[in-house]
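Reading the structure
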Amino acid sequence: MMRRSLWSWGKLFVIALLCILIWHYIQGSGREAGNDVRYLIGVSQPNLSEPWRVVMNDEIRKEVERRGDVRVIFTDAAQSSSQQADDVKNLLEYGIDLLIVSLDDPVALTPTISEAYRKIPVIVMGRGVTGYDYTLYIGTDNEMIGKKAGEFALETLGPAGGSMIEVEGLKGSPSVEERSKGFREALAESSNIEITATFNADWQRDKAEDLLSEWFATNRGVDLVFAHNEAMALGAYRAAHHAGLENIDIIGIDGVNSENGSFKLISENRLTGTFTSPTGGKEAVNYAIDILNKEKGIPKKVILRSQKITAQTELSVKNSNPAKDRSDLEKRETKKQDEGKSIVLGFAQVGTESSWRLANTKSVIAAAKEAGIELLYDNAEQSQEKQIDIIRRFIKQKVDVIAFSPKTETGWEDVLQEAKEAGIPVILSDREVNVSDDTLWTAYIGSDMIDEGRRAARWLAGELTGQKRYHIVELQGTEKSAPAVGRKKGFEEVIRQHDNFEILESYSGDYTFEDGKEMMKSALQKHGSLFDVVYSHNDDMALGAIQAIEEYGLHPGKDMVIISIDATRPAFQTMVTGKLNMAVECNPLLGPQLMKAVRDLMEGKELPMKIITSEGVFSQETAKRELQNREF
């Protein structure tokens, strides 16, 4: 007992000593910089064996060094989840103001992150935690990167196709699953492609080299290797080189390999191509300061842009001069200020189809006024042709920034190319586009439509349990629009995991009350009451469907479960009356985020690819409590 007691006192003494040393370091550093330290940020890494994480820390350190009033503490858990949990707890004891945490095992660390989030702001990097207990997530779209890698693999092998090896990172990691899913979805389009082997090299170059060296000793017929990071891609190259296999194409991900660098690896023909996966270190510090300063327009998620680097694109990337572009933007802003002119934003709204859209328009107009930005506003009234004409008019007027909410995902290449050639950045508001060149638009601000569908399905699966088989009627939004595509995809993704749910039929409308009512009439005429759930892609269609159900003689919310997406005030009122069971929030108040993005652009800052707003899920119980506070 005495020995255990001495050990406990010894641990307390070490922690106290560390706190004193850190405090003295902060105070001393603050005096040297001539400023008092305002904020102390803790950074928790699961390991520093991955080059990607080392680069993240370097980016954070460099950004902090530019500021005189911020200090940072780094920890390394050496690939131990339990150690990382202890690291986070120790950082909280040191009195940090904000935590930046990068994860290897999101599931194991979720309780620790949730506990920290109850005390201070938390920024999660790279791999998300389970749930939404964090202030901000910064990462990349791993599934999209995997899909782009798959498309590049098909392009590289050509019509003849061939055999591939996939070298994955840590088994079970969400980023591994997402990259592999996207990669294989792209390959599914070709019938003459075969993945002959898959290895987990835990993100390590040496392990990838060892695994592939052993495999190449007895297997020679491989055309391409896809590695989930550049370190493993380099290991694959070394294994192939030692085996005398010089004609294998190798594709990697990261673009931050610290030993050689992407351009050198490609120019020396060790890699065929790579896809950048930005660490987000710089962005983490910038957002951390905004969070701590309680700035308006802080998103829930930030998705960084990935770029393909090949021998063909290398020269153009090298010759690009982001610093000059930022300088030009800063000069434009300075000139405007000197001339007493405000920033001009052209906003092409898609229509007035719903109460959500009206709240969105009101938010944009109010935020522009508050920010001192001159807003040129026009409404396309659900016409894509008219919306394109509005954007072209903005280009002729030489506005500083164009923002619009696209009616559908496709058909925008020409007008976006015209804006790019005119040097006018374009921000997508609330809806995304599907174009072959994603550099035609600068950033997307809005919701994660796929995740909205997932959240609706997860709530449904949690509420309707048991052996009964439930049949669902789906009311989709405008055909081929980003919300309709995303909300359907996310919902089906989760529903497929449950055998007791089946989508009986899907109908398409244009997000209006009238469409919802007519679609529900058709469903009732065809199926009667043989369905148990109505899943509506927005509140207005759900409210129309509820009226049709009542006219049919049934009781919505009781005879069948009604769920929708938007969570507007009318939906809250309907939940309170018991006719709507649940609504997933889709926040229309995007004005502050849009104006912050416009300001950042004009100051020469690089925007992330996607800026995702903070949203919630509301049941009948929570609707009663929150109704009086609902802003839209």
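Here is what the cut-offs are and how they apply
- Residues numbered from 1 in each chain as written.
- Predicted model: local features only at pLDDT ≥ 70, side-chain atom pairs only at ≥ 80, totals over all residues.
- Heavy atoms only, no water.
- Helix = DSSP H or I, 4+ residues; strand = E, 2+ residues; numbered from the N terminus.
- Buried < 20%, exposed > 50% of the residue type's maximum accessible area, 1.4 Å probe, protein only.
- Areas by Shrake-Rupley, 256 points an atom, 1.4 Å probe, with all protein chains shown as cover.
- Core = buried A, V, L, I, M, F, W, Y, C linked by side-chain atoms within 4.5 Å.
- Contact = heavy atoms within 4.5 Å.
- Axes fitted to C-alpha atoms, helices over the stretch in contact; angles between N-to-C directions.
- Parallel < 35°, antiparallel > 145°, perpendicular 65-115°, else oblique.
- Left-handed = near helix turned anticlockwise from the far one by under 90°.
- Nonpolar A, V, L, I, M, F, W, Y, C, P; charged D, E, K, R; others polar.
- Pairing = 2+ DSSP bridges.
- Arc of directions from axis to C-beta.
- Phe/Tyr/Trp six-rings, centres within 6.5 Å; stacked < 30°, edge-to-face > 60°.
- Lys NZ or Arg CZ within 6 Å of the ring centre and 35° of its normal.
- Right-handed = clockwise from strand over helix to strand, strands pointing away.
- Lys, Arg positive; Asp, Glu negative; His and termini not counted.
- Salt bridge = Lys/Arg side-chain N within 4 Å of Asp/Glu carboxyl O.
- Expected span 1.5 Å × (residues − 1).

1. A short note on the overall build of the protein chain
Within the protein chain one finds 22 helices and 24 strands. When burial is assessed residue by residue, the protein chain has 56% of its 632 residues classed as buried. Entry remark: accessible area of the protein chain is about 28,000 Å², with carbon and sulfur atoms responsible for 49%.

2. A short note on the nonpolar core
Membership of the largest hydrophobic core comes to 46 residues, with the highest contact counts inside it found for Leu-99, Val-124, Phe-404 and Leu-416. The element that contributes the greatest number of residues to this core is helix 14 (residues 384-396), accounting for five residues. Sequence-distant contacts of Phe-404, defined by excluding residues within four places in its chain, comprise Ala-348, Gln-387, Ile-391, Trp-412, Leu-416, Val-426, Ile-427, Leu-428, Ser-429 and Val-433. The next biggest cluster of nonpolar side chains, apart from the first, holds 30 residues, and it includes Ala-484, Met-519, Leu-580 and Ala-583.

3. Concerning the packing of helix 13 (residues 355-371) against helix 21 (residues 591-602)
The N-to-C vectors of helix 13 and helix 21 enclose an angle of 45°; their axes lie 8 Å apart at closest approach. When the axes of helix 13 and helix 21 are compared, the pair comes out oblique. In terms of crossing hand, the pair formed by helix 13 and helix 21 is right-handed. Across from Ser-363, Val-364, Ala-367, Ala-368 and Ala-371 in helix 13, the residues of helix 21 making contact are Gly-591, Pro-592, Leu-594, Met-595 and Arg-599. The class makeup of the residues in the contact of helix 13 with helix 21 is seven nonpolar, two polar and one charged.

4. Notes on the sheet that holds strand 18 (residues 470-476)
Here six strands make up an open sheet; going across it, the order is 19-18-20-21-22-24 and the pairing mixed. Single-partner strands in this sheet number two, and they are strand 19 (501-508) and strand 24 (617-619). Within this sheet the neighbouring strands show an average axis-to-axis angle of 20°, counted without direction. In terms of strand pairing, strand 18 meets strand 20 (residues 533-536) through four bridges, oriented parallel. Within strand 20, the residue paired with Val-473 across the bridge is Val-534.

5. Let's talk about helix 20 (residues 569-576)
Those residues of helix 20 lying buried are Ala-571, Phe-572, Thr-574 and Met-575. Buried residues of helix 20, seen end-on, are gathered within an arc of 165° and therefore sit on one face of the element. Directly beyond the C-terminal end of helix 20, a positive phi value near 90° is found at Gly-578.

6. Quick look at the packing of aromatic side chains
In this structure the tally under the stated criterion is nine aromatic pairs. When the centroid spacing of 6.4 Å and the interplanar angle of 80° are considered together, the rings of Phe-199 and Trp-215 count as edge-to-face. Of this pair, Phe-199 sits in strand 7 (residues 193-200) while Trp-215 sits in helix 7 (residues 205-216), and the two are 16 residues apart along the sequence. Ring pairing ties together the aromatic residues Phe-199, Trp-215 and Phe-216, which thus form one cluster. Over the face of the ring belonging to Tyr-134 we find Lys-300, whose NZ or CZ atom lies 4.5 Å from the ring centre. Taking NZ or CZ as reference, Arg-305 lies 4.9 Å from the ring centre of Trp-441, over its face.

7. Examining the packing of helix 18 (residues 513-527) against helix 19 (residues 539-552)
Interhelical geometry of helix 18 versus helix 19 gives an angle of 45° and a closest axis separation of 6 Å. Classed by the angle they form, the pair helix 18 and helix 19 counts as oblique. Seen from above, helix 18 lies across helix 19 with right-handed handedness. Contact residues: Phe-513, Gly-516, Lys-517, Met-519, Met-520, Lys-521 and Leu-524 in helix 18; Asp-540, Met-541, Leu-543, Gly-544, Ala-545, Gln-547, Ala-548, Ile-549, Glu-551 and Tyr-552 in helix 19. The residue makeup of the contact of helix 18 with helix 19, split by class, is ten nonpolar, three polar and four charged.

8. Thoughts on the pairing of strand 3 (residues 98-102)
Where burial is concerned, most of strand 3 is hidden: five out of the five residues are buried. Burial along strand 3 is two-sided: the face carrying Leu-98, Ile-100 and Ser-102 and the face carrying Leu-99 and Val-101 are both buried. The pairing of strand 3 with strand 4 (residues 122-125) spans four bridges and is parallel. Bridging from a neighbouring strand, Ile-100 pairs with Ile-123 of strand 4. Following the chain from strand 3 across helix 4 (residues 106-117) to the adjacent parallel strand 4, one finds a crossover that is right-handed.

9. Re the sheet that holds strand 17 (residues 443-446)
Overall, mixed pairing links the twelve strands, which are arranged 2-1-3-4-5-11-23-17-16-15-13-14 in an open sheet. Looking at which strands have only one partner, the edges of the open sheet turn out to be strand 2 (70-76) and strand 14 (374-379). Sheet twist, expressed as the average angle between the axes of neighbouring strands with direction ignored, equals 15°. Set on the sheet, helix 2 (residues 51-65) makes contact with strand 1 (39-45), strand 2, strand 3 and strand 4; between it and strand 2 the angle comes to about 165°. Packing of helix 4 onto the sheet brings it into contact with strand 3 and strand 4, and relative to strand 4 it is tilted by some 150°.

10. Quick notes on the side chain of Arg-455
The topology assignment puts Arg-455 in helix 16 (residues 449-463). The charged side chain of Arg-455 is buried without a salt bridge, its nearest counter-charge being Asp-451 at 4.3 Å. Those residues in contact with Arg-455, other than ones at most four positions away along the chain, are Tyr-132, Val-584, Glu-615, Gly-616 and Val-617.

11. Quick word on the environment of Gln-547
When you line up the elements, Gln-547 lands in helix 19. Separated by 30 residues in the primary sequence, Gln-547 and Lys-517 have C-alpha atoms spaced 6.7 Å apart. What Gln-547 contacts, discounting residues up to four positions off in sequence, is Phe-513 and Lys-517.

12. A short note on helix 6 (residues 174-187)
When the terminal C-alpha atoms of helix 6 are compared, their 20 Å separation across 14 residues agrees well with the 20 Å that a helix rising 1.5 Å per residue should span. Of all the positions in helix 6, only Ser-175, Val-176, Arg-179, Ser-180, Gly-182, Phe-183, Ala-186 and Leu-187 are classed as buried. Projected down its long axis, helix 6 carries its buried residues within an arc of 165°, all on one side.

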